Amino acid sequence: MSQTTSTRAAIPVVSHTVRGACPHDCPDTCALRITVENGRVVRVAGDPDHPPTHGALCTKVSRYAERTYHPERVLTPLKRVGPKGAGQFVPVSWDEALDDIAARLKSIAARDPQAILPYSYAGTMGMLQSESMDRRFFHKLGASLLDRTICSNAGGEALALTYGAKVGMHLEDYAAAKLILIWGSNSIASNLHFWTFAQQAKRNGARLVCIDPRRTETADKCHQHIALLPGSDGALALGLMHQLITLGALDQDYIARHVDGFEALRERALAWPPERAARVCGIEPQVIVELAREYAAAKPAAIRLNYGMQRTHGGGNAVRLVAMLPCLTGAWRQRGGGLLLSASGWFRAFRNDAALQRPDLLGERRPRTINMSTIGDDLLREASPEFGPKVEALVVYNTNPVAVAPDSAKVVAGFARDDLFTVVLEHFLTDTADFADYVLPATTQLEHRDVHTTYGHTYVVANDPAIAPVGQARPNTQVFRDLAARMGFTEACFADTDEQLAAQALRGVDLAALREHGWVKLPLPEVPFADGGFVTPNGKVQVCPPGFSAPDHVVPYESAQSAPDLAQRFPLAMISPPARNFLNSSFVNVKSLRDIEGEPLLEIHPDDAAARGLTDGAVVRVHNARGSHHCKARVSTRARPGVVHGLGVWWRKFGVDGTNVNELTSQRLTDIGRAPTFYDCLVEVSAQ
Ligand SMILES: Nc1nc2c(c(=O)[nH]1)N[C@H]1C(S)=C(S)[C@@H](COP(=O)(O)OP(=O)(O)OC[C@H]3O[C@@H](n4cnc5c(=O)[nH]c(N)nc54)[C@H](O)[C@@H]3O)O[C@H]1N2
Ligand SMILES: Nc1nc2c(c(=O)[nH]1)N[C@H]1C(S)=C(S)[C@@H](COP(=O)(O)OP(=O)(O)OC[C@H]3O[C@@H](n4cnc5c(=O)[nH]c(N)nc54)[C@H](O)[C@@H]3O)O[C@H]1N2
Ligand SMILES: [Mo]
């Protein structure tokens, strides 16, 4: 911390900087330098010394102070006075709110604690504010467990099945690549600090290829854009493998030493000549032929896979297939070669999750697990022997499910239940908070302590509180500490302060260096799989294990090939990827950012628009059997024919008709990982 005093217009200004971490669910986890003047944050900047951040922030987080000091921040506990969902509340004291919440939870727990469901995700990715005291509290209570699948589970589990863990290339090494396939990722929007390294590679002569149904701002800046159909990536990977095999471009030595199951994979891949793969992908066979040739020739060749390509039925197997490519060509041998989907597995050995979350507090109890991606159906389920008790209480924090969960009609009906007791810890009156019985004001990252691991690089980043809590806001940790006391939980761990939690969070990391610099790089091998050594039990990549199904079995649930009748009624495939200036549904209420995004839009190709008599800027009805959503049409060649894009995730209350794209998405789950299939969604678009 540095401190300076200066005089500006006769008012003495006491200024200091604090080290922080960006809390958001983004691969970049930037290290921050926060400038505080007279107790108020005046600037949030990137740490110039932290290699992934290199002093740069995205537009959103450089405006983080605008979010913290937003006039609509919830600053006191609120109690519902209107009907569910109306968002009508009166302020109450913390004591009144916490006493009542504890009493309600106690009486439900006395019947069956599994009727209580914690519902949280990565609104902050900090180990303290997202998975410490809260977990201790619910473990001790014996509440239902939550399967946190909503984002990355299909790809994450698939990658772990293949490499043994969610591990991959070091971010900085992309600068050394000669070819980068940017696959299912709009990096400029959602992984900006990777893009910097891709740009360095480009300046050094690398070729960049973007594989994405949408012509994104990232696609615009790549040498080539391959606009395949959503959910066809597995077929593309098999087509590439077919070519690598027939070209003789395999690294036989690497395969022999480090790959398990290649013979079975080879057989499958040989059934996928470019013509067949191209038909499934909706592209020209020649594109596959040329891409395979380039991928084989470029040394080093890198793939940046992102989660955008695993939100369809076959998403898990598609990730498995793509993850095999660098193992077949031996791209892993070189620095700058290989693949990254998630780096989070590198942190496993350094995270002290058991100490922080205390699953031992469950004792002998084994509560049921509820999948967060089917919250719509699960809130509407009655008690049954298979399901267990009806959900009677929900405690929601770090997520906005009414906006972000699939199949909104069901989600809204569930949250609207009069017999459901809902507590929401939030910064703002989100779509979800509107349905709460109590809203509890949460601190933002500038107001609390945390420790961050990440999924896009290999540094731990610490966050010190820069300012005192705004209004009566409290950190999530404190709320669960306070509730634990009221529930009569007497274990010493419920008294741990945030400083103590931070000290427990990690092991094998130099905490003094973390305190001093704000970040520490993990001690990891430089070129991790140059000589194999994957994290699987036998150290080899598992390419074709039992149960593996190639995409000749796993096509989208909703496509002309898999569901021709449905496709006749609803012929357009809708994907709903992130908007650049929002972070999922966060920042939608920050006006300066919302002004950049404008309003909810559906991008549609000029041919598809013309066929329906739709014009640019007109309000249209996007609909399928699950629901309908009105928004403005943007007629644009960013969309390929047959595919439309509802950029999200907008708060429902900003929508023309109080809905968002999740009115259309389904609760069906992926092949691997029990994850949602947001981008596996047929719709029709009509003039109003
Ligand atoms: N600005 C911003 N940054 C974000 C987020 C945000 O909302 N806004 N979200 C954060 C979160 S939660 C995550 S999980 C990460 C990663 O979030 P991702 O969902 O991976 O987001 P993107 O990087 O935008 O990549 C999605 C890209 O995949 C494309 N896509 C959709 N379907 C398919 C398909 O079937 N195949 C292929 N090849 N591509 C497809 C989309 O058009 C889009 O361009 O980003 C994080 N960063
Ligand atoms: N149609 C469609 N739907 C999607 C996606 C898509 O691509 N298309 N993407 C999916 C993906 S990848 C994800 S990860 C999910 C994400 O969905 P969510 O996990 O719901 O993420 P956000 O919408 O950012 O909401 C996070 C909330 O946490 C709150 N929050 C942040 N920090 C704190 C804190 O310290 N304390 C408390 N109490 N609250 C805090 C924020 O104010 C915000 O309202 O959405 C999914 N939904
Ligand atoms: Mo996500």
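## Things to note about the packing of aromatic side chains
So, point 1. Counting across every chain of the model gives 20 aromatic pairs.
So, point 2. Ring plane angle 65 degrees and centroid distance 5.5 Å describe the contact between phenylalanine 138 and phenylalanine 480, whose orientation is recorded as edge-to-face. With phenylalanine 138 in helix α5 (residues 133-141) and phenylalanine 480 in helix α20 (residues 476-487), this pair connects stretches of sequence that are 342 residues apart. Residue phenylalanine 138 shares its accessibility class with phenylalanine 480, and that shared class is buried.

## A few points about the site of ligand 2
So, point 1. Near ligand 2, the surroundings consist of 30 residues, among which Arg67, Glu426, Ser585, Ser586 and Tyr679 are the closest.
So, point 2. In this structure, an oxygen atom belonging to ligand 2 sits 2.8 Å away from a side-chain N or O atom of threonine 399.
So, point 3. A distance of 2.9 Å separates a nitrogen atom of ligand 2 from a polar atom in the backbone of valine 404.
So, point 4. Starting from 920 Å² of accessible surface for ligand 2 in isolation, the protein chains cover 97%.
So, point 5. Classifying every residue of the shell around ligand 2 by side-chain character gives eleven nonpolar, 15 polar and four charged.
So, point 6. A domain split of the shell around ligand 2 shows at least three residues from each of domain 1 (78-151 + 367-461 + 477-521) and domain 3 (564-687).

## Let's talk about the side chain of aspartate 496
So, point 1. Its place among the elements puts aspartate 496 in the loop between α20 and α21 (498-504).
So, point 2. Those residues in contact with aspartate 496 that sit more than four places away from it in its chain are Met133, Arg136, Arg481, Leu501 and Gln504.

## Digging into the packing of helix α10 (residues 233-247) against helix α15 (residues 315-329)
So, point 1. Their axes nearest at 8 Å, the elements α10 and α15 cross at an angle of 20 degrees. In terms of orientation, α10 lies roughly parallel with respect to α15. In this structure, α10 meets α15 at a crossing whose hand is left-handed. Two secondary-structure elements touch here, α10 through Asp233, Gly234, Ala237, Leu238, Leu240, Met241 and Leu244 and α15 through Ala318, Leu321, Val322, Met324, Leu325, Leu328 and Thr329.
So, point 2. In terms of residue class, the contact of α10 with α15 is made up of eleven nonpolar, two polar and one charged.

## Notes on the sheet that holds strand β24 (residues 601-604)
Two strands in a sheet stick together by hydrogen bonds in their backbones, pointing the same way (parallel) or opposite ways (antiparallel).
So, point 1. Pairing is mixed around the closed barrel formed by six strands, whose spatial order is β23-β27-β24-β26-β25-β28. Taking each pair of neighbouring strands and ignoring which way they run, the sheet shows an average axis angle of 45 degrees.
So, point 2. Bridge count for strand β23 (residues 572-575) against strand β28 (residues 682-687) is two bridges, and the pairing is antiparallel. If you follow leucine 572 over to β28, its bridge partner there is valine 683.

## Some details on the layout of surface pockets
So, point 1. Quantified by volume, the second largest pocket comes out at close to 1,100 Å³.
So, point 2. What lines the second largest pocket is a set of 40 residues, and nearest its centre among them are Glu131, Arg148, Lys166, Arg348 and Arg351.
So, point 3. Tallying contributions element by element places α5 first for the lining of the second largest pocket, with four residues.
So, point 4. In the lining of the second largest pocket, the residues fall into 15 nonpolar, 13 polar and twelve charged.

## Remarks on the domain arrangement of the protein chain
So, point 1. Split into domains, the protein chain comes out as domain 1 (78-151 + 367-461 + 477-521), domain 2 (154-341) and domain 3 (564-687).
So, point 2. Relative to domain 3, the C-alpha centre of domain 2 lies at a distance of 27 Å.
So, point 3. Each partner contributes residues to the interface: domain 2 has 28 residues there, and domain 3 has 22 residues.
So, point 4. In total, domain 2 and domain 3 occlude about 2,100 Å² of area from one another, counting both sides; carbon and sulfur atoms represent 53% of this.
So, point 5. By the criterion of area lost to domain 3, the three top residues of domain 2 are Arg214, Arg215 and Arg311, representing 31% of everything that side buries.
So, point 6. In this structure, the salt-bridge partner of glutamate 157 is arginine 674, at a minimum N-O distance of 2.9 Å.
So, point 7. Looking at the side of domain 2 that touches domain 3, the elements that each hand over two or more residues are α6 (153-163), α7 (187-190), α9 (217-220) and α15.
So, point 8. Of the residues contributing to the side of domain 2 that touches domain 3, the split by class is eleven nonpolar, ten polar and seven charged.

Conventions we followed
Think of each chain on its own: its residues are numbered from 1, step by step along the sequence as written. Here the convention is simple: chains get letters from A, ligands get numbers from 1, in the order in which they are written. A pLDDT threshold of at least 70 governs which residues receive local features in this predicted model, and a stricter bar of 80 or more applies before side-chain atom pairs are shown or counted, although totals over entire chains, interfaces and linings include all residues. To get the side-chain values, take all heavy atoms of the structure and skip hydrogens and water. Here a Phe, Tyr or Trp ring, Trp counted by its six-membered ring, pairs with any other such ring whose centre lies within 6.5 Å, and the pair is stacked when the planes are under 30 degrees apart, edge-to-face when over 60, and tilted otherwise. Runs of E in the DSSP output that reach at least two residues are strands. Runs of H or I that reach at least four are helices, and both are numbered from the N terminus. Residue burial is assigned from relative accessible area. The probe radius is 1.4 Å, only protein chains are included, and a residue is buried under 20% of its type maximum, exposed over 50%, and partly exposed in between. Any residue with a non-hydrogen atom lying within 4 Å of a molecule or strand is treated as near it. Residues adjacent in sequence count toward polar contacts only when both atoms are side-chain atoms; beyond that, a polar contact is any pair of N or O atoms within 3.5 Å, and within protein one must be able to donate a hydrogen and the other to accept it. Under the convention used here, a 1.4 Å probe and the Shrake-Rupley method define accessible areas, while residue burial counts only the protein chains that appear. Under this grouping Gly is polar, as are all residues other than the nonpolar Ala, Val, Leu, Ile, Met, Phe, Trp, Tyr, Cys and Pro and the charged Asp, Glu, Lys and Arg. Residue ranges assigned to the domains are those given by an automatic or database domain assignment. Two residues qualify as a contact provided that any one of their heavy atoms is within 4.5 Å of a heavy atom in the partner residue. For helices, the fitted axis covers only the stretch in contact; all axes are lines through C-alpha atoms, and the angles between them, taken along N-to-C directions, range from 0 to 180 degrees. An angle below 35 degrees is treated as roughly parallel, one above 145 as roughly antiparallel, one from 65 to 115 as roughly perpendicular, and anything else as oblique. Handedness of a helix crossing follows the sense of rotation of the near helix relative to the far helix, less than a right angle counterclockwise being left-handed and clockwise being right-handed. Strand pairing is assigned whenever DSSP identifies at least 2 bridges connecting the two strands. Put simply, the grid is 1 Å and covers the protein atoms alone, a cavity is a trapped set of points that fit a 1.4 Å probe, a pocket is an open set with protein on both sides within 12 Å along at least five of seven lines, and lining residues have an atom within 4 Å of a point. Grid points are joined across faces, edges and corners, and a volume is the space filled by probe spheres set on the points. Buried area, as used here, totals the accessible surface that two parts lose on assembly, with accessibility defined by a 1.4 Å probe and the loss added over both. Whenever a carboxyl oxygen of Asp or Glu lies within 4 Å of a side-chain nitrogen of Lys or Arg, that contact is scored as a salt bridge.

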